[in-house]
Amino acid sequence: MQKSLRRNRKREKRTARAALAAASAGALMVTAAGCGSDDGDTVSGGPVPVTVKLPSLKGQKLQVTAVWTGTEQENFTKVLKEFEKRTGAKVSFVPSGDDMAGFVGSKIAGGSPPDVAMVGQVGVMREFAQKGWAKPLDAAAKAEVNKNFAKGWQDLGSYDGKQYGVYFKASNKSLIWYNTSAFDYAGAKEPKTWKEFLAQAQLISDSGTDAVAVGGQDGWTLTDWFENVYLSQAGPKKYDQLAQHKIKWTDPSVKKALETLAQLWGTKGLVAGGRSGALQTAFPDSVTKAFGNAAEPDAGMVFEADFVAANVSDAGAELGGDAKVFPFPAVGAKPPVVTGGDVGVALKNSKAAQALLTFLASPDAATIWAQSGGFISANRHVKFSAYPNDPMRDIAKALIAAGNDFRFDMSDQAPASFGGKPAQGEWKALQDFLKNPRNVEGIQRQLEADAAKAYKN
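Residues numbered from 1 in each chain as written. Predicted model: local features only at pLDDT ≥ 70, side-chain atom pairs only at ≥ 80, totals over all residues. Heavy atoms only, no water.

## As for the overall build of the chain
We count it as follows: Think of it this way: any DSSP run of H or I at least four residues long counts as a helix, any run of E at least two long counts as a strand, and we number them from the N terminus. Radius of gyration here uses only the C-alpha atoms, and the compact-globule reference equals 2.2 Å multiplied by the residue count raised to the power 0.38. Buried, partly exposed and exposed residues are distinguished by accessible area as a fraction of the type maximum, computed with a 1.4 Å probe on protein chains only: under 20%, between the cut-offs, and over 50%, respectively. Working rule for contacts: check all heavy atoms of both residues, and any pair within 4.5 Å makes them a contact. Each accessible area value is a Shrake-Rupley result obtained with a 1.4 Å probe; residue values ignore everything except the protein chains displayed when judging cover. Working convention for charge: Lys and Arg count positive, Asp and Glu count negative, and His plus the chain ends are omitted. Charge placement uses NZ in Lys and CZ in Arg. For Asp and Glu, CG and CD serve respectively.
If you tally the helices and strands in the chain, you get 21 helices and 12 strands. A globule of 457 residues ought to have a C-alpha radius of gyration of about 23 Å, and the chain, at 22 Å, matches this closely. Considered along the principal axes of its C-alpha atoms, the chain spans approximately 65 × 60 × 40 Å. Within the chain, the proportion of its 457 residues that are buried is 56%. Within the chain, contacts between residues at least 6 apart in sequence are counted, and of these 78% link residues at least 24 apart. When the accessible surface of the chain is split by element, carbon and sulfur atoms take 51% of a total near 18800 Å². Side-chain charges of the chain comprise 55 positive and 47 negative groups, with the mean position of each set lying 2 Å from the other.

If you want it as structure tokens, here you go:
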């Protein structure tokens with residue numbers, strides 16, 4: 001009954017919203033033409049800066065691999081096209097699938113690794129360096145990294161005192177995106193604390209819409225949930241200890257974080273489609289549940305990083321209108337700031353591979369994707385006005401302002417067998433926990449057994 005009443009009300013709102021959009025479109029165009037960005041820099045969609053000198057690579061071919069597909073792959077291809085234009089090289093892109101370590105390992109075993117890999121887990125990058133698969137940056141690439149990135153990002157791209165990686169694509173993983181129509185109908189407000197978050201989620205559920213879409217089919221999304229709760233609740237010192245396996249997953253702090261997550265995952269009506277439905281929902285589909293039908297969504301909120309913006313657009317919703325975002329609520333004394341990122345590494349010690357990494361370390365390359373949306377850069381010389389809207393500018397400004405004061409995704413720091421592979425380690429354990437949130441201690445034992453095997457300590 002509640003859902004049918006809600007649908008009727010949403011249908012009435014659609015016509016008004018469409019009329020408003022049509023009326024405001026012309027005004028927006030006039031405004032955009034008549035004013036620049038807030039910092040006086042080149043506006044999004046403007047000319048790409050040329051700040052870095054690249055060698056002539058005419059006739060040379062490179063192969064690049066990354067996990068990106070769909071819109072992300074299309075946007076990265078724009079970056080590669082600019083590199084081709086400037087150097088004369090020809091670049092091909094090959095999707096790796098979620099198991100980057102397995103993909104690269106098989107290619108190296110076959111004697112034909114890609115020239116450059118965009119690696120999503122710092123633990124995997126370090127494994128590549130340890131095995132000799134990754135090649136250290138040359139002088140030009142290293143100079144570009146040193147010029148444009150804070151020391152925290154330089155350190156993440158290093159191993160054993162040498163710089164191997166370029167953190168081309170960064171992410172703020174402490175964001176919750178919400179459907180404004182669902183919030184308006186339920187009378188919900190942006191929460192500041194976990195207690196308030198649960199209360200607003202219940203309001204949305206009571207109004208006839210499931211509160212939160214969870215992409216549980218992709219285990220990495222569940223690790224991000226855990227990390228935000230754990231960092232805020234246990235604090236950065238414990239976070240660092242757990243990330244390095246200096247404390248066990250059977251620690252009371254882990255139990256407390258899992259019990260906190262169970263308040264959301266274990267309450268009927270708060271998870272879209274129920275727990276079994278969440279386990280069958282891929283990450284992109286979780287965004288669609290919240291924004292695919294902006295007026296009558298299947299979920300009021302979805303959690304994930306800034307790259308959700310691209311999925312919101314794919315779903316046909318308007319960022320800043322249909323979709324808004326708030327920081328992950330404070331579970332403890334402070335709200336968490338968890339970051340992630342994709343680091344470019346050379347798997348062949350060639351002039352072309354090093355030139356591409358030099359380009360990726362420049363503001364030039366990052367500006368191209370920033371203008372397309374669904375992307376933020378840790379490069380402090382990318383102009384904020386390159387981002388296509390205020391929400392993305394604000395997210396980028398916060399990332400740069402954090403400097404070295406952030407915590408990197410915990411599972412991405414772990415050995416790949418624990419933190420970076422589907423159907424095993426942390427991904428699998430948290431999927432099991434989503435299936436049965438009452439089994440806190442059993443999941444702790446499972447996590448610890450897998451971690452001990454992976455970390456070998």
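## Side note on the domain arrangement of the chain
Rules: Segmentation of the chain into domains, including their bounds, is taken from an automatic or database domain assignment. Once two parts are put together, the accessible area they lose, assessed with a 1.4 Å probe and summed over both, is termed the buried area. The term salt bridge refers to a side-chain nitrogen of Lys or Arg lying within 4 Å of a carboxyl oxygen of Asp or Glu. In the analysis that follows, any N or O atom pair within 3.5 Å is treated as a polar contact, provided that within protein one partner can donate a hydrogen and the other can accept it, and provided that, for residues neighboring in sequence, both atoms belong to side chains. Polar here means any residue other than Ala, Val, Leu, Ile, Met, Phe, Trp, Tyr, Cys and Pro, which are nonpolar, and Asp, Glu, Lys and Arg, which are charged; Gly is therefore polar.
The assigned domain composition of the chain is domain 1 (61-172 + 339-408) and domain 2 (175-336 + 416-455). Averaged C-alpha coordinates put domain 1 and domain 2 at centres separated by 26 Å. Both sides of the domain 1 and domain 2 interface together cover about 1600 Å² of buried area, and 58% of this is carbon and sulfur. For the domain 1 face of the interface with domain 2, the top three residues by lost area are Asp98, Asn172 and Arg407, together amounting to 32%. At the junction of domain 1 with domain 2, the criterion picks out two salt bridges. Counting across the domain 1 and domain 2 interface gives six residue pairs in polar contact (both at pLDDT 80 or more). Put simply, the parts of the chain that give the side of domain 1 that touches domain 2 at least two residues each are α2 (70-87), α3 (100-109), α4 (122-130), β6 (166-172), α17 (390-402) and β12 (407-408). Here the side of domain 1 that touches domain 2 is composed, by residue class, of nine nonpolar, seven polar and six charged.

## Comments concerning the packing of helix α9 (residues 219-234) against helix α10 (residues 236-243)
Rules: Geometry is summarised by axes, namely lines fitted to C-alpha atoms with helices restricted to the contacting stretch, and by angles between N-to-C directions that run from 0 to 180 degrees. Each angle receives one of four descriptions, namely roughly parallel if under 35 degrees, roughly antiparallel if over 145, roughly perpendicular if within 65 to 115, and oblique otherwise.
At a minimum axis separation of 7 Å, α9 and α10 run at an interaxial angle of 135°. As far as their axial angle goes, α10 and α9 are oblique. Together, Phe226, Glu227, Tyr230, Leu231 and Ala234 of α9 and Pro236, Lys238, Tyr239 and Leu242 of α10 make up the contact between the two elements. A breakdown of the residues in the contact of α9 with α10 according to their chemical character gives seven nonpolar, no polar and two charged.

## A closer look at the pattern of salt bridges
Opposite charge on two side chains permits pairing when their charged atoms draw close. Inspection of every chain in the model, using the stated rule, returns 14 salt bridges. Note that glutamate 84 and lysine 81 form a salt bridge whose closest N and O atoms lie 3.8 Å from each other. Placement of the pair is glutamate 84 and lysine 81 together in helix α2, with a separation of three residues, close to one helical turn. Classification of glutamate 84 by relative accessible area gives buried; the value is 15%. Residue class for lysine 81 comes out exposed when judged on its relative accessible area of 51%.

## Description of the side chain of asparagine 311
Within the secondary structure layout, asparagine 311 lies in helix α14 (residues 308-314). With sequence-adjacent residues up to four places away left out, asparagine 311 is seen in contact with Phe283, Pro284 and Val287.

## Some details on the packing of aromatic side chains
As a reminder, the rule being used: Here a Phe, Tyr or Trp ring, Trp counted by its six-membered ring, pairs with any other such ring whose centre lies within 6.5 Å, and the pair is stacked when the planes are under 30 degrees apart, edge-to-face when over 60, and tilted otherwise.
Summed over the entire model, instances satisfying the criterion amount to 29 aromatic pairs. Aromatic side chains tryptophan 153 and phenylalanine 406 sit 4.8 Å apart centroid to centroid with 25° between the ring planes, which places their arrangement in the stacked category. A residue pair is termed long-range when its members are at least 10 positions apart, and tryptophan 153 in helix α6 (residues 151-156) and phenylalanine 406 in the loop between α17 and β12 qualify at 253 residues. Summarising the burial analysis for this pair, tryptophan 153 and phenylalanine 406 share the class buried. An angle of 90° between the planes, with centres 5.6 Å apart, marks the rings of phenylalanine 283 and phenylalanine 307 as edge-to-face. Of this pair, phenylalanine 283 sits in helix α13 (residues 283-291) while phenylalanine 307 sits in the loop between β9 (299-303) and α14, and the two are 24 residues apart along the sequence.

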